[in-house]
Structure formats: C-alpha cells, structure tokens
Amino acid sequence: MQNKKQKTESGRCENYAKYEYNKSSYEQTYDVFQSLRQDGLLCDIKLKADDNKIIIAHKVVLASASPYFYAMFTKFSERNHDLVVIRQIDSTALHLLINFIYSGKIMVTKDNVQILLPAANLLRLEEVTETCCEFLHSQLCPTNCIGIYTIADLHSRTKLLTSSELYIQQHFSEVVGGDEFLSLSSEQMVKFISSDKLIVSSEEKVFECVIRWVKHELGSRKCVLLQLMEHVRLPLTSKNYILKKVVEEPLIKNCYECKDYINEAINFHLFNAKLIPRTIRHKPRYGDKVLLDIGGIEPTCTQWYDPKINQWHFGPEIITSRHRACGAVVKNNLVFAVGGMDNGHRVLRSVEVLDLSFESPGWKPSVEMLVERMDFGVGVINNYLYAVGGRNHSHFALDNAEVFDNNTQEWSTICNMSITRSYVGVGVLNNLLYAVGGFNDALLESVDTVECYHPSIDKWIEVAKMCEHRSSAGVGVLDGVLYAVGGFDGNKFLSSVEAYRPSTGIWTPIGDMQFPRQPAGVVALDGLLYVVGGEDECINFNTVECYNPKTNTWTLVASLMNTKKHSRGVVAINRTGFFKAC
C-alpha cells in the first residue's frame, strides 16, 4: 500500500506551513472490519433474510457502500434497531453482497447470478449489478437469451436489455425453435417480428414461428393472430409457399381478416410490383450479411461491403494497426482480429474482439495467443477459434497451432502439423480444419501439400496435394467446396484457383481470377466467393472480385476505399444497425 504526501503550503520560517497526507488504499482498513465481523466484535446490526438466516455486520460499513443501507440507518426507524428483516433477498445473495461490501470481491456464476442481480439492484450496489449484467451478456445463447432479456427488462438494465434484444434479433431462426420463445408475451412477439433488424433465413420462418406461438396457448392467443400477421412480410415469401402453406393453415382459414394479407401477397406476385401500393410488409429486413475487412495497409482502418448496393463504407477502427492479421467470427456475433504485425514490425500475440450484439460496437482487447503469429491462418469449429502456423518474432516458420475457448477465455495448444507452414491458408469444411500449402522452411519452398485437423482425435492427417505449389493462397469455403485462391508458387504470383471436394478427394482447377494476387482475403457471401485485396510483384491491390460457381466466372465488384495489403482479415457478418448504408 502506497501513501502520498503533498506539500500544500510552504515557507521555511512560516508558522502556517502544511502537508497534506493522502491514503491511497483502504484495503487494510476493510480487512480489519472483515476480521471484526467474522469474530462478532463491535457489530451493531443483524440482518435477517427471508429464510430467517442471520448475518451480522456494522451499520457504518454497510452505509458507506450501499445507498439503501445509508438511507435505512440514517433516515428510517431501523437506525435504532439491532435486528432488521431484509425482504425479497435470498440469504445466500445477502451473504455474498455483505462480503463484497467488506472485501470488494465477489464471484458471479451461472448458479448465483439470478439471485445476485435483483439483490444487488435492491441494495443499489451498482458495481455488482453491472458485473452481473456483463456476465449474463457473456452467456447469451439461443436457449437463454429470452430469459436474460426478461431479467434485464424486469430490473430496468438498459444496456443488457439492448444487447439481449439484438442477440435475439440476430439469432432469431435458432431462438424460435426453443421453449423460451413460447413464453414471449404478445407485446414482445409484436416487437420482435415487426423489427427491420430481424435476421431470418426467410420470411417463411417468421410466419411459422407466429403459428407455433399462437397454437401453444390457442385459447388466449388466437385473438392476437391478426395483429401478428400484420407484421409478417408475406409478399417476401414465394407464391408457391403462400398457396400451399399459408392458405392451407387452419388458423388462417378461420381468420377472415387475415385473408387481406394473403391477397396482398398474391397480388404482389401476380401483378407488376411497381403498381402495388407499398407497405412495411414489402420491405426486406436488414437481417442479411455484409463483408467486414479488418486492417490492411492503413492504420487501424476497417471497412465493410454492402452487396446490395455494391459499395464499401468505413467501419469501427481497431485498437492496434495490424498487417498480416487474420479475422474470424465466433457465435455469429463476435468478430476476432488475431495476431499480425504492427507498424513497428513487431509480430503480435494480441487479439481484439468486436461484439456485434451491441448497438454501437467497438473493438476491445481479448486474450492474447500463446505464440506471436503473422502470415498464419485461422478457422472456427463449433465456436472454437483455431490459429495455425505462420511465423514468430524471429521470423521462423511454425508447425504449431492453438485453439481459443470463448467460454473459458483460454488458449491451449493442439497437435503440431507434419511440417512448418508460414504463409499458410486455412479453411473449415465439415467441422475439419484444413491447412493449405504455405512455405516450408526445411525445404525452402512453397508446398503443394494439404493436411486436415480432426478435433475429436487431436490429429493432423494429410489429404490430396494441390495441382500447384502455393504459399500465401487465400482459402475459402462455399457450398461444401474448399477453394485455394492465388498465392505464390516460388517463381510467380498466381491467378489460378483450384477446388477440393471431400467426396472426390481431389483438387480440380477452376476459372482463373482476373488478377494474380497473394495473400488476399477470401470469404463466401450469398452464394458467391469474394477475394479482397492482396498484391502481386509490384502492386498492392484494392480490387475485389467474386466467383460464381454456377457460371465458373470471376467478376470485379466495388474496390476497397484504400489500398489493401497482406491480410486474411475479411469475414462475413450479420448486418446490424451499425452496418447500414445511409
């Protein structure tokens, strides 16, 4: 513990010279208070919880930390009592909170958070309340997000309410399959299905969830069917679906007023859509995907691509300027910027994360990797983030790999690859991790070999070799096919591309790109394979091209807003409120 002395008034022979003393920590004082309480010394208050368990304490200590206790012991009749009954608080929660007041420490878990949050809210212990909310936010998943949303609403926790609402919108297709969904009130149902931010695979999913919700408690809910159907965007479903599923649904047949919405949707398909009066039901939701490009040659710059209008926009700036970094998405809403090299040519272990479930997302530091890496590859399997190969601070090629568990917030090593691979491309197909090509230090050359990691047995297994030697190839997966894009064969930069299908076990050349490039970001979006940036012998590209597997052709699309270089940091993300074109 450090204490500070500050000379506030001075004068060598002056009688009024003074020094101010600032004690920098009260930890030792509170340790004494806690010791006194545990020994039952000088305690002047007993707190009885609803289950009649007694906790002893000191009024002055409780009042110093909690506005609730301050008011109780200074303004109300309890100030003269030595026993106070605390209603609506579980004794376990009360014990944990009293310990926090004395020690400044508390452990929030999935087993105690639901009793701690209301108790901390009642006692106005804002730090604990915020910690509970942050914990609940970290635990959001499709099976509990509605429960967390309800808790946040009940206790007026605005930040958690907003983030859980966004999570429900972004994972709506998964959420509606669970039992929690059936507990939504009619007001909550209307709120969610009327939102432009709802992310669903199709509008058919919205119609089906409405029918399922109404049928769950048919007697009390059938009266709100018409109100819910007002927000189902039937014109965005197919005519065949309307005629076969919607029209034939018994609930719809028995709701005469619902037929107006059916007629509106059918007319939209039968007649010139431009002549049909537009309503909210004709408007596509923003629940689609965009591309996010992380870093590159510009410091801390990110930008995102809207395929609907073929345009790039600047995104939230990352904290550290990263070249040769990688990007990945975990749990559909966490974007990771991993490793790379900063402007001082220092190879990085650091990782940053962007949580898309916040209304205004910003990059935050995450847990550092075990090994610094650049010119490496990443992949995500079942929400585990893998970092593979690359080069370290000594510029030695690596054969090792590691995995990040987002639940425990820990990195751990996995089995080494058979060879060192810097400038390696990585892709995930059928829950297997593929390390594609790269540069092997022992051979001093780009390689054509590919090996596949099986998480269930922690083992790398070689698969078929590529048609060409490739280091710095971009790797992407589209419709069950693994693509190796461009790269460097040891003599020249490549525009060639090849595809691997596990069913055949071989690599097959496909149409060449319009430009040779390495190492470009590669990502699938809306049935197309996008290749972003990269470089050849003398040019850093800002060009972007996309591959259509149906026509086996490459097409140039809107260019990046700055010159792109050395990055695999391109990912497809759910479009949230932040990623909207003006």
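Each remark here, short or long, concerns the structure printed above.
About the cut-offs
- Residues numbered from 1 in each chain as written.
- Predicted model: local features only at pLDDT ≥ 70, side-chain atom pairs only at ≥ 80, totals over all residues.
- Heavy atoms only, no water.
- Helix = DSSP H or I, 4+ residues; strand = E, 2+ residues; numbered from the N terminus.
- Buried < 20%, exposed > 50% of the residue type's maximum accessible area, 1.4 Å probe, protein only.
- Areas by Shrake-Rupley, 256 points an atom, 1.4 Å probe, with all protein chains shown as cover.
- Lys, Arg positive; Asp, Glu negative; His and termini not counted.
- Charge placed at Lys NZ, Arg CZ, Asp CG, Glu CD.
- Axes fitted to C-alpha atoms, helices over the stretch in contact; angles between N-to-C directions.
- Parallel < 35°, antiparallel > 145°, perpendicular 65-115°, else oblique.
- Contact = heavy atoms within 4.5 Å.
- Salt bridge = Lys/Arg side-chain N within 4 Å of Asp/Glu carboxyl O.
- Polar contact = N/O pair within 3.5 Å; in protein donor to acceptor, adjacent residues only side chain to side chain.
- Pairing = 2+ DSSP bridges.
- Core = buried A, V, L, I, M, F, W, Y, C linked by side-chain atoms within 4.5 Å.

A. Structural context of the overall build of the protein. Counting secondary structure elements, the protein contains 16 helices and 31 strands. Based on the C-alpha atoms only, the size of the protein along its principal axes is roughly 85 × 80 × 50 Å. Within the span of the protein, comprising 582 residues, buried residues form 51% of the whole. Only carbon and sulfur atoms are counted for the fraction: they give 50% of the accessible area of the protein, which is about 27400 Å². Each charge class in the protein can be summarised by its mean position, and for the 60 positive and 66 negative side chains these summaries are 4 Å apart.

B. Highlighting the packing of helix α10 (residues 186-193) against helix α11 (residues 203-216). Between α10 and α11, whose axes approach to 12 Å, the crossing angle comes to 175°. By the angle class used here, α10 and α11 are roughly antiparallel. Packed against α10, whose contacting residues are S186, M189 and I193, the element α11 presents V206, C209, V210 and W213 at the interface.

C. Structural context of the pattern of salt bridges. If you walk through the whole model with that rule in mind, you get 20 salt bridges. Put simply, R157 and E130 hold a salt bridge, and the shortest N to O gap is 3.1 Å. Note that R157 is positioned in the loop between α7 (145-154) and α8 (158-170) and E130 in helix α6 (residues 126-138), a separation of 27 residues in sequence. The exposure class assigned to R157 is buried, which follows from its relative accessible area of 11%.

D. How the structure looks around the side chain of T302. The topology assignment puts T302 in strand β7 (residues 302-306). A distance of 2.7 Å separates a polar side-chain atom of T302 from the backbone oxygen of P316.

E. Examining the pairing of strand β25 (residues 493-501) more closely. Counting buried positions along β25 yields seven of nine residues, so the element is predominantly enclosed. Taken together, the six bridges between strand β24 (residues 481-488) and β25 define a ladder with antiparallel strand orientation. Looking across to β25, one finds that G487 is bridged to L494. Between the antiparallel neighbours β24 and β25 lie four residues, among them G490 with a positive phi of about 105°. Where β25 and strand β26 (residues 506-510) come together, five bridges link them in antiparallel fashion. Looking at the pairing, E498 lines up with P509 of β26.

F. Region of interest: the nonpolar core. In this structure, L62, F69, I98, F172, F181 and L225 are the most contacted members of the largest nonpolar core, which totals 80 residues. Once residues within four sequence positions are removed from consideration, F181 is found in contact with I146, F172, V175, V176, M189, C209, R212 and W213. With 15 residues, the next largest nonpolar core counts L334, V338, M369 and F376 among its residues.

G. Main features of the sheet that holds strand β4 (residues 54-57). Strands sit in the order β4-β3-β5 across an open sheet of three strands; the sheet is mixed. Across the chains shown, the open sheet's two edge strands, defined by having one partner strand only, are β4 and β5 (83-85). When strand polarity is set aside, the average angle formed by the axes of neighbouring strands in this sheet is 25°. Alignment of strand β3 (residues 45-48) against β5, held across three bridges, turns out to be parallel. By the bridge assignment, L47 is partnered in β5 with V84. Where helix α4 (residues 91-103) meets the sheet, its contacts fall on β3 and β4, and the angle it forms with β4 comes to roughly 15°.

H. Focus on the sheet that holds strand β8 (residues 311-314). Read from one edge of the open sheet, four strands run β8-β7-β6-β31, paired in antiparallel fashion. At either margin of the open sheet sits one strand with a lone partner, and together these are β8 and β31 (570-574). Strand-to-strand twist in this sheet, taken as the mean axis angle between neighbours without regard to direction, amounts to 30°.

I. Representation of the environment of K289. Residue placement: K289 occurs in strand β6 (residues 289-294). Separated by 17 residues in sequence, K289 and D306 place their C-alpha atoms 8.2 Å apart. Beyond its immediate sequence surroundings of up to four residues, K289 is in contact with P307, L525, I573, N574 and R575.

J. Spotlight on the side chain of H58. For H58, the location among the structural elements is in the loop between β4 and α2 (59-65). Its relative accessible area of 7% is what places H58 among the buried residues. When sequence neighbours within four positions are dropped, the list of residues in contact with H58 reads F33, L36, R37, L41, L42, C43, D44, I45 and Y102.

K. Seen up close, the pairing of strand β16 (residues 410-413). For strand β15 (residues 401-405) and β16, the ladder comprises four bridges, and the chain directions are antiparallel. Looking at β16, one finds that D405 is bridged to E410. Where β15 folds back onto β16 in an antiparallel hairpin, the turn is made up of four residues, including Q409, whose phi is positive at roughly 60°.

Shape is all these values report; function is a separate question.
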